[in-house]
Structures are given as C-alpha cells and as structure tokens.
Amino acid sequence: MKRTRAEAVIEAVLFTMGESVEISRLAEVIETDVKTTKEILKQMEERYAREDRGITLARFDSAVQLCTKDDMYEYLVKIAKTPRKMTLTDTVLETLSIIAYKQPVTRVEVERVRGVNCDHAINKLLEYDLIMELGRLDAPGRPLLFGTTEQFLRCFGVRSLEELPELNPVQVEEFKQQAEAEVQLQLEV
C-alpha cells in the first residue's frame, strides 16, 4: 500500500473510531509492520502541527487517537454545549494520586494511605473514567484492583505512567502528615 494511501486509511479509521486504536491493529489494517506504522504516524503528527490543522494525533503507550487541538476549544464551545466539567476536590485528587502511583491497588490499600474512607472519591473517579477496575486480588474476599485509564493520561497531558513526576520523600512525608491531620479533625468532630 502506498504511504499516502496508508495515511488516508489510518486517518479514516481513527476518525471513525473516535477513540484510541492500538498501533499494532493499525499496522494490520494497512498491512505493514508496527515500526513502519509508527513512522507513518510520526509523519502525520508532524504534518498536522506544521500545517496549522485543527486536529492532532494523541499518543498513549501503544495506541493513538485523532483529537481536536487544544487551541480549538473556544470554537467548539460556540457550536456545541459546554461539556460538563470535572470537579476534582482535594480528596478526589489525593485518591487519584495514590491510585496512579501505586496501581494496581485495592480500595483498602488506598484507605490505609489516606487514613479515611475513600468510597465517594473512588466512585467519582470511576464516574469520570479516570480509573477503572483491573480485576481482583488473589486474596481472601477477592478485593477489586484499581488503576488509571487512558482518559487519565489525556486529562493530565501525559502519554504514559512513566511520564508522571517522581515523588520526593519530603513530599511523601508531607502527604502523610496532611492525611493524619485530616483524620484527627474527623475524630474530633
């Protein structure tokens, strides 16, 4: 398949799917290897940027998605209803951070770190599609395991979990002290 035809096929598939597609699946569709497919995707991404287009390719680990560029949002709002905004409270953000850095993790492990019940925060994160159930732990009671989603990567502007900033020990200690203070406040009430 000619390279221009391969690009057109990839573009059509990504546009139609509306969600990320594994690069290996795209390679099968255009009947080439993953390395060549990655080269084609890189060229497409560069062309979209160079030509000041309204779309871009977003990469997530081993998948790609055709997306609207961030600077086009103001124009989209004029034609579509304003999308529902996620409200991430400190509690929800702390819970999300624990899951992101310790995944796969159970609800009990998250609560052990935070020192308080996390049912509401975990339910909100599931509702916002920032975390998902990854299966069950092979332990008594078979508790659910949670991890982050591709939507999490999109929302926080990272391509993979490896791009998350490293926590330094001082920050970790501060987080623990804040959680302990929060528990003390709840006990006093």
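Here goes a summary of the coordinates provided. Per chain, the residues get numbers from 1 upward, laid out in the order the sequence is written. Only residues with pLDDT of at least 70 get local features here, since the model is predicted, and only at 80 or more are side-chain atom pairs given and counted; chain-wide, interface and lining totals rely on the full set of residues. Processing note: side-chain calculations cover all non-hydrogen atoms of the structure and skip hydrogens and water entirely.

Let us look at the pattern of salt bridges. One side-chain nitrogen of Lys or Arg within 4 Å of one carboxyl oxygen of Asp or Glu is enough to make a salt bridge. Taken as a whole and judged by the stated rule, the model has 13 salt bridges. In this structure, the salt-bridge partner of E45 is R59, at a minimum N-O distance of 3.0 Å. Of the two residues, E45 sits in helix α3 (residues 34-50) while R59 sits in strand β2 (residues 55-60), which places them 14 residues apart along the sequence. Judged on exposure class, the residue E45 and its partner R59 are both buried. One salt bridge in this structure joins D119 and R107, with 2.9 Å as the shortest N-O distance. Remark: R107 occurs in helix α6 (residues 107-114) and D119 occurs in helix α7 (residues 119-127); sequence separation between them is 12 residues. The rule is simple: take the accessible area with a 1.4 Å probe, protein chains only, and divide by the maximum for that residue type; under 20% is buried, over 50% is exposed, in between is partly exposed. You can call D119 partly exposed: its relative accessible area is 32%. Given a relative accessible area of 24%, R107 falls into the partly exposed group. A single salt-bridge network, built from bridges that share partners, covers E7, E11, R47, E51 and R53. Segments assigned H or I by DSSP are reported as helices when at least four residues long, segments assigned E as strands when at least two residues long, and all are numbered from the N terminus.

Here the focus is the sheet that holds strand β1 (residues 21-22). Here, any two strands with at least 2 DSSP bridges between them count as paired. Read from one edge to the other, the open sheet built from 3 strands follows the order β1-β3-β2, with strand pairing classed as antiparallel. The strands lining the two open edges of the sheet, one partner per strand, are β1 and β2. Note that β1 and strand β3 (residues 63-68) share 2 bridges and pair antiparallel. Paired with V21 across the bridge in β3 is V64. Strand contacts of helix α1 (residues 3-17): β1, β2 and β3, with the helix running at about 75° to β3, the strand carrying the most contacts. For this analysis, residues touch if any pair of their heavy atoms sits within 4.5 Å. Every angle, taken between N-to-C directions, lies between 0 and 180 degrees, and every axis is a line fitted to C-alpha atoms, over only the stretch in contact when it is a helix. Each of β2 and β3 touches α3; the most contacted strand, β2, lies at about 140° to it.

What follows deals with the packing of helix α5 (residues 90-102) against α7. At a minimum axis separation of 9 Å, α5 and α7 run at an interaxial angle of 75°. With respect to α7, the element α5 is oriented roughly perpendicular. Each of T91, V92, T95, L96 and I99 in α5 lies in contact with α7, whose residues at this interface are A121, I122, K124 and L125. We call Asp, Glu, Lys and Arg charged. Ala, Val, Leu, Ile, Met, Phe, Trp, Tyr, Cys and Pro are nonpolar, and the rest, Gly among them, are polar. Among the residues making up the contact of α5 with α7, the classes are represented as 6 nonpolar, 2 polar and 1 charged. Roughly parallel refers to an angle under 35 degrees, roughly antiparallel to one over 145, roughly perpendicular to one between 65 and 115, and oblique to any angle outside these ranges.

Moving on, we come to the environment of F156. Within the element layout of this structure, F156 appears in helix α8 (residues 150-156). Residues contacting F156, with those up to four places away along its chain left out, are L88, L93 and L96.

Put simply, Q103 and P104 share a cis peptide bond, and its omega is -5°. With respect to the helices and strands, P104 occurs in the loop between α5 and β4 (105-106). At D129, a residue that is not glycine, the phi angle is positive and equals roughly 60°. Residue position: D129 is located in the loop between α7 and β5 (131-136). Assessed through its relative accessible area of 41%, D129 is described here as partly exposed.

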